[in-house]
Amino acid sequence: MPGTILITKEEGLELYEDMVLGRSFEDMCAQMYYRGKMFGFVHLYNGQEAVSTGFIKLLKKEDYVCGTYRDHVHALSKGVSSRADMSELFGKTTGCCRGQGGSMHMFSKEHNVLGGFAFIGEGIPVATGAAFTTKYRREVLTEEDCDHVTLAFFGDGTCNNGQFFECLNMAALWKLPMVFVVENNLWAMGMSHLRATSDPDIWKKGPAFGMPGIHVDGMDVLKVREVAKEAIARARRGEGPTLVECETYRFRGHSLADPDELRDPAATMEDLKLGS
């Protein structure tokens, strides 16, 4: 049938298992935090799992991922073990950063997870640099098999910041092998996206810099996966970056310290859809 998205049983199970792992992991983080076993700021990913799974499970081990402070699930999707991920949250030396990074700074050299970052937009220039490294190795150092792709994850609140636009321009200018993935959960920290930006359609900023801009339902892992497949393949072919806006929704407050009183509990995601 036209428009039907086909996957194998094995692929479907991989996607399902990854999303369930992400949700279960974050729910356990909440339990440990409220029991006083986990300290500092902890930002959970509940509700956004389809974005991480839909994109990252298409990557090769050599590809790079740059996250935000909401980064536990990105690391899990890229292959960091749940034990190493959780140990980091507990500040243990067995954590992926030896317990020195904590919730907002997941990093793994082995899995090319370049970190979570505490400040919004901070990871985008790092991701751009990683993509430039790939292009330099391929074109200057003549490493023909170097076709690595970099994913930069960030939220809607970042998209009014200067480094976002600077990196869009740089990546398009140099045709860097990367994908800008906007996890638009509609609320940034606590303000509605519709009140915070003059044009709420973030994907439109892509064509302004000469790259494709795509909007996708970030709550549907199969739709995300189809968009991600083409964007990643495009980057790997050397055709340059893509901006993908995944419209999603987080089911908890900004962090576990946030009582989440700014959102109307009676409002659903459908009520908040852009353009409605």
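The structure displayed is predicted, hence computed values, not measured ones.

**Observations regarding the pattern of salt bridges**
And step 1. Inspection of every chain in the model, using the stated rule, returns 11 salt bridges.
And step 2. In this structure, the salt-bridge partner of Glu11 is Arg225, at a minimum N-O distance of 3.4 Å. On the criterion of sequence distance, the pair formed by Glu11 in helix H1 (residues 9-34) and Arg225 in helix H9 (residues 221-236) is long-range, its members being 214 residues apart.
And step 3. The shortest N-O distance in the salt bridge between Asp201 and Lys204 comes to 3.2 Å.

**Observations concerning the side chain of Arg234**
And step 1. Mapped onto the fold, Arg234 is located in helix H9.
And step 2. No salt bridge is formed by the buried Arg234. Its closest oppositely charged neighbour is Glu239, at 4.2 Å.
And step 3. Side-chain polar atoms of Arg234 contact the backbone oxygen of Pro241, separated by 2.6 Å.

**As for the pairing of strand E2 (residues 150-155)**
When a strand is regular, its side chains alternate between the sheet's two faces.
And step 1. In terms of burial, E2 is largely enclosed, as six of its six residues are buried.
And step 2. Here E2 shows a buried face lined by Thr150, Ala152 and Phe154 and a second buried face lined by Leu151, Phe153 and Gly155.
And step 3. Taking the sense of rotation as the criterion, the β-α-β connection linking E2, helix H6 (residues 162-174) and strand E3 (residues 178-184) turns out right-handed.

**Describing the layout of surface pockets**
And step 1. Of the voids in this model, the largest pocket is the one considered here, and its volume is about 200 Å³.
And step 2. Lining the largest pocket are 14 residues, with Tyr69, Arg70, Gly155, Asp156 and Asn185 positioned closest to its centre.
And step 3. Among the residues forming the lining of the largest pocket, the class breakdown is five nonpolar, six polar and three charged.
And step 4. Together, 14 residues line the second largest pocket, and Arg138, Glu139, Pro177, Ala235 and Gly238 are the ones closest to its centre.

**Let's talk about the side chain of Glu245**
And step 1. Relative to the helices and strands, Glu245 is located in strand E5 (residues 242-247).
And step 2. Of the buried charged residues, Glu245 lacks a salt bridge, with Lys205 as the closest side chain of opposite charge at 7.7 Å.
And step 3. At a separation of 3.1 Å, a polar atom in the side chain of Glu245 contacts the main-chain amide nitrogen of Ile202.

**What to know about the packing of H1 against helix H4 (residues 82-89)**
And step 1. Look at H1 against H4: their axes get within 12 Å of each other, and the N-to-C directions meet at 25°. With respect to H4, the axis of H1 lies roughly parallel. Crossing of H1 against H4: the hand is right-handed. Contacts from Leu21, Phe25, Met28 and Cys29 in H1 reach Ser82, Asp85, Met86 and Leu89 in H4.
And step 2. Considering only residue class, the contact of H1 with H4 consists of six nonpolar, one polar and one charged.

**A closer look at the sheet that holds strand E4 (residues 213-217)**
Note on sheets: strands pair through backbone hydrogen bonds, and any given pair is parallel or antiparallel.
And step 1. The five strands lie next to each other as E1-E2-E3-E5-E4, forming an open sheet whose pairing is parallel. Edge positions in the sheet fall to strand E1 (64-66) and E4, since each has one partner strand and no second. Averaged over all pairs of adjacent strands, the angle between strand axes in this sheet comes to 20°, irrespective of strand direction.
And step 2. Bridge analysis of E1 against E2 gives three bridges, and the strand direction is parallel. Within E2, the position partnered with Val65 by the bridge is Leu151.
And step 3. Relative to the sheet, helix H2 (residues 49-56) contacts E1, E2, E3 and E5, its axis offset from that of E2 by approximately 170°.
And step 4. With respect to the sheet, H9 is in contact with E2, E3, E4 and E5, its orientation differing from that of E4 by roughly 155°.

The rules we used
- Residue positions are given per chain, counted from 1 along the sequence in the order it is written.
- Predicted model: local features are reported for residues with pLDDT of at least 70 only, side-chain atom pairs are reported and counted for 80 or more only, and whole-chain, interface and lining totals are derived from all residues.
- Only hydrogens and water are removed before side-chain values are computed, so all heavy atoms of the structure are retained for them.
- Salt bridges are identified by distance alone: a Lys or Arg side-chain nitrogen within 4 Å of an Asp or Glu carboxyl oxygen.
- Secondary structure elements are defined from DSSP: runs of H or I of at least 4 residues count as helices, runs of E of at least 2 residues count as strands, and each element is numbered from the N terminus.
- For every residue, the accessible area (1.4 Å probe, protein chains only) is compared with the maximum for its type, and the residue is labelled buried under 20%, exposed over 50%, or partly exposed between those bounds.
- When charges are tallied, Lys and Arg are placed among the positive residues and Asp and Glu among the negative ones, while His and the ends of the chain are skipped.
- Distance and chemistry together define a polar contact, namely a pair of N or O atoms within 3.5 Å, with one atom able to donate a hydrogen and the other to accept it when in protein, and with adjacent residues in sequence counting only for side-chain atoms on both sides.
- Look down the strands so they point away from you; if the path from the first strand over the helix to the second goes clockwise, the crossover is right-handed.
- In this analysis a 1.4 Å probe is tested at points of a 1 Å grid over the protein atoms alone, and where it fits but cannot get out there is a cavity; an open set with protein on both sides within 12 Å along at least five of seven lines is a pocket; lining residues have an atom within 4 Å of a point.
- Grid points are joined across faces, edges and corners, and a volume is the space filled by probe spheres set on the points.
- The nonpolar class holds Ala, Val, Leu, Ile, Met, Phe, Trp, Tyr, Cys and Pro. Asp, Glu, Lys and Arg form the charged class, and all remaining residues, Gly among them, are polar.
- Here an axis means a line fitted to C-alpha atoms, over the contact stretch when the element is a helix, while the angle between two N-to-C directions is reported on a 0 to 180 degree scale.
- For classification, angles of less than 35 degrees are called roughly parallel, those exceeding 145 degrees roughly antiparallel, those between 65 and 115 degrees roughly perpendicular, and all remaining angles oblique.
- Crossing handedness is defined as follows: a turn of the near helix away from the far one that is anticlockwise and smaller than a right angle gives a left-handed crossing, while the clockwise case is right-handed.
- Contacts: residue pairs with any heavy atoms within 4.5 Å of one another.
- Being paired, for any two strands, means DSSP has found at least two bridges between them.

Read these as layout, nothing more, since geometry by itself doesn't imply function.
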